[in-house]
Amino acid sequence: MRGMLAGFLALTLLAQRADLRTRVRSYVSAHEKAIVAELLALLAIPNVAADRANIRRNAEHLATMLTRHGLKGEVLDTDGNPLVYGSLNVPGAARTILFYCHYDGQPVDAKKWNQPDPFRPVVRGDGPDARIYARSASDDKSPIVALLAAIDALKA
């Protein structure tokens, strides 16, 4: 009997996971244009670590994004570049999960880019084959936007 119950619970959990995955994918598909627009806006802010003015712009933009997605977003000043901290308090949560992403980047050699400005995002292709080309698109600005989209999808 115990084995049968464990098997039933395992199948139930698998079905719930599959259903959750389907619902999250559906949410992302329905909101894809807004998610990509948010990423393109973030990518358009130069983020070379030594460029203090634009790093500040990035930090403030990110804090605003966090707040817009229901987190408490704040900029924490340091002797160096500012940190951006976001928290999401969930009633009844028994654990804390920490995600770390960076938003600053290394200097860029614009001559090595196949576009006029590495901080002006370019979308090439259509549909599922579309690709975004911009400095920091994959490291680490896309993961930040993806994480916020996932949080929104889970909340929905």
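For the structure, see preceding data.
Read on for a plain summary of the structure. Keep in mind it's a predicted model, so treat the numbers as computed, not measured. (Residues numbered from 1 in each chain as written. Predicted model: local features only at pLDDT ≥ 70, side-chain atom pairs only at ≥ 80, totals over all residues. Heavy atoms only, no water.)

**Brief notes about helix 4 (residues 137-155)**
For step 1, the next point in the chain: With 19 residues, helix 4 should cover 27 Å at 1.5 Å per step; its first-to-last C-alpha distance of 25 Å lies within 8% of that length.
For step 2, the next point in the chain: Considered for burial, the residues of helix 4 that qualify are A137, D140, K141, I144, V145, L148, A149, I151, D152 and A153. (Helix = DSSP H or I, 4+ residues; strand = E, 2+ residues; numbered from the N terminus. Expected span 1.5 Å × (residues − 1). Buried < 20%, exposed > 50% of the residue type's maximum accessible area, 1.4 Å probe, protein only.)

**Quick look at the side chain of D140**
For step 1, the next point in the chain: With respect to the helices, strands and loops of the structure, D140 is situated in helix 4.
For step 2, the next point in the chain: Summary of buried charges: D140 has no salt-bridge partner, and the nearest side chain of opposite charge, K141, is 11 Å away.
For step 3, the next point in the chain: Within polar-contact distance, the side chain of D140 engages the backbone nitrogen of H102 at 3.0 Å.
For step 4, the next point in the chain: Once residues within four sequence positions are removed from consideration, D140 is found in contact with C101 and H102. (Lys, Arg positive; Asp, Glu negative; His and termini not counted. Salt bridge = Lys/Arg side-chain N within 4 Å of Asp/Glu carboxyl O. Polar contact = N/O pair within 3.5 Å; in protein donor to acceptor, adjacent residues only side chain to side chain. Contact = heavy atoms within 4.5 Å.)

**Focus on the packing of aromatic side chains**
For step 1, the next point in the chain: Applying the stated rule across the entire model yields zero aromatic pairs.
For step 2, the next point in the chain: Above the ring of Y133, the side-chain terminus of R124 is found at 4.5 Å from the ring centroid. (Phe/Tyr/Trp six-rings, centres within 6.5 Å; stacked < 30°, edge-to-face > 60°. Lys NZ or Arg CZ within 6 Å of the ring centre and 35° of its normal.)

**Some points on the pattern of salt bridges**
For step 1, the next point in the chain: Here the structure, examined in full by the defined rule, presents four salt bridges.
For step 2, the next point in the chain: In this structure, R68 and E38 form a salt bridge, with 2.6 Å as the shortest nitrogen-oxygen distance. In this pair, R68 sits in helix 3 (residues 52-68) while E38 sits in helix 2 (residues 32-43), placing the two residues 30 residues apart along the sequence.
For step 3, the next point in the chain: Judged by its relative accessible area of 52%, R68 is exposed.
For step 4, the next point in the chain: Residue E38 is classed as buried on the basis of its relative accessible area, which comes to 11%.
For step 5, the next point in the chain: Between K72 and E74 there is a salt bridge, with the nearest N and O atoms lying 3.9 Å from each other.
For step 6, the next point in the chain: We classify K72 as exposed; its relative accessible area is 54%.
For step 7, the next point in the chain: For E74, a relative accessible area of 27% puts it in the partly exposed group.

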